[in-house]
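One-letter residues, chain by chain:
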Amino acid sequence: MNIQEIFIIAIYGIFSLFALIKGLRQSIIKKNPFGTTEYFFWLGIFAWGDGIIIGPFWFLASLTSFLLKDWNLFLLTVSAFWLVRSFGETIYWLNQQFVKTESNYYQKVMGYRFFKNDSILFIYQIFWQCITVVSIITTIYFAKLWLR
């Protein structure tokens, strides 16, 4: 691995530990597991409770890739993670469109200022479908590279 690859893996590992600590603090001490994060979205951590599970996942994935000195394994892990995460987000936002209870949650999501009604829900659903497609393609590609 070159220095840039090591740096990226280290950043993932360090930020994932920070996300874990912050997620534990927000979830357990401040009783705010559903509070949205602003800085950890690139790790797939959208709410503080996510950090408790996804933080250790990224730390272990980073550590494994670093110890094995395998950049392609790291890329494959990132891609496979986003494949699963984006599929789950697609289902979540699809279901949000049909929730019977009145919710103002969608008024708090990024992008609401452009879509000032519940149309933001299908915008998010379509966005995550696009991420799923990209993740499928990159997962296949990185799996091919890793298996060489």
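Along each chain, residue indices are assigned from 1 in the same order as the chain's sequence is written. Only residues with pLDDT of at least 70 are given local features in this predicted model, and only at 80 or more are side-chain atom pairs given and counted; all residues enter the totals for whole chains, interfaces and linings. Only hydrogens and water are set aside; all other atoms, that is, all heavy atoms of the structure, feed into the side-chain values.

Our focus in this paragraph is the environment of Phe-18. For helices the rule is a DSSP run of H or I covering at least 4 residues; for strands it is a run of E covering at least 2, with both sets numbered from the N terminus onward. Secondary-structure assignment places Phe-18 in helix α1 (residues 3-29). Between the alpha carbons of Phe-18 and Gly-51 there is a distance of 8.9 Å; along the sequence they are 33 residues apart.

Turning to the layout of surface pockets, a few remarks are in order. Residues are said to line a cavity or pocket when one of their atoms sits within 4 Å of a point; the points come from a 1 Å grid over protein atoms alone, cavities being sets where a 1.4 Å probe fits but cannot get out and pockets being open sets with protein on both sides within 12 Å along at least five of seven lines. Grid points are joined across faces, edges and corners, and a volume is the space filled by probe spheres set on the points. By volume, the largest pocket is sized at about 980 Å³. Lining the largest pocket are 33 residues; nearest its centre among them are Phe-46, Glu-89, Trp-93, Tyr-124 and Trp-128. Per-element tally for the lining of the largest pocket: the top contributor is helix α4 (residues 119-147), with nine residues. Each residue is assigned to one class: nonpolar for Ala, Val, Leu, Ile, Met, Phe, Trp, Tyr, Cys and Pro, charged for Asp, Glu, Lys and Arg, and polar for all the others, Gly among them. The residue inventory of the lining of the largest pocket, partitioned by class, reads 21 nonpolar, seven polar and five charged.

Only the stretch in contact is used when fitting a helix axis, every axis being a line fitted to C-alpha atoms; angles between N-to-C directions are given from 0 to 180 degrees. As a packed pair, helix α3 (residues 71-96) and α4 sit with axes 7 Å apart at the nearest point and diverge in direction by 155 degrees. By the angle class used here, α3 and α4 are roughly antiparallel. Our pair here, α3 against α4, has a crossing hand that is left-handed. A breakdown of the residues in the contact of α3 with α4 according to their chemical character gives 18 nonpolar, 11 polar and one charged. For this classification, under 35 degrees means roughly parallel, over 145 means roughly antiparallel, 65 to 115 means roughly perpendicular, and everything else is oblique. By the definition used in this description, the sense in which the near helix is turned from the far one sets the handedness, with an anticlockwise turn below a right angle giving left-handed and a clockwise turn giving right-handed.

Looking now at α3. Expected span of a helix, by definition, is 1.5 Å for each gap between consecutive residues, and there is one gap fewer than residues. Its 26 residues give α3 an end-to-end C-alpha distance of 37 Å, which sits within 8% of 38 Å, the value for a rise of 1.5 Å per residue. For this analysis, a polar contact is any N or O atom pair within 3.5 Å, provided that within protein one partner can donate a hydrogen and the other can accept it, and provided that sequence-adjacent residues contribute only side-chain to side-chain pairs. One side-chain oxygen of the residue at the start of α3 lies 3.2 Å from the amide nitrogen of Asn-72, identifying that residue as Asp-70.

Okay, the packing of aromatic side chains next. Classification of ring pairs uses Phe, Tyr and Trp, with its six-membered ring standing for Trp, and accepts pairs whose centres are within 6.5 Å; under 30 degrees between planes counts as stacked, over 60 as edge-to-face, and the remaining range as tilted. If you walk through the whole model with that rule in mind, you get 18 aromatic pairs. Centroid distance Phe-15 to Trp-42: 5.4 Å. Interplanar angle 70 degrees. Geometry classified as edge-to-face. Taken together, the residues span a long stretch of sequence, with Phe-15 in helix α1 and Trp-42 in the loop between α1 and α2 (48-68) at a distance of 27 residues. For the exposure calls, accessible area comes from a 1.4 Å probe over protein chains only, and a residue counts as buried if that area is under 20% of its type's maximum, exposed if over 50%, partly exposed in between. In this structure Trp-42 comes out as partly exposed when scored by relative accessible area, which is 26%. Residues Phe-46 and Trp-82 carry aromatic rings whose centres are separated by 6.4 Å and whose planes lie at 50 degrees to one another, so their mutual orientation is tilted. Of this pair, Phe-46 sits in the loop between α1 and α2 while Trp-82 sits in helix α3, and the two are 36 residues apart along the sequence. Overall, the relative accessible area of 22% leaves Phe-46 in the partly exposed class. Taken together, the aromatic side chains of Tyr-12, Phe-15, Trp-42, Phe-46, Phe-57, Trp-58, Trp-71, Phe-74, Phe-81, Trp-82, Phe-127 and Trp-128 make up a single cluster linked through ring pairs.

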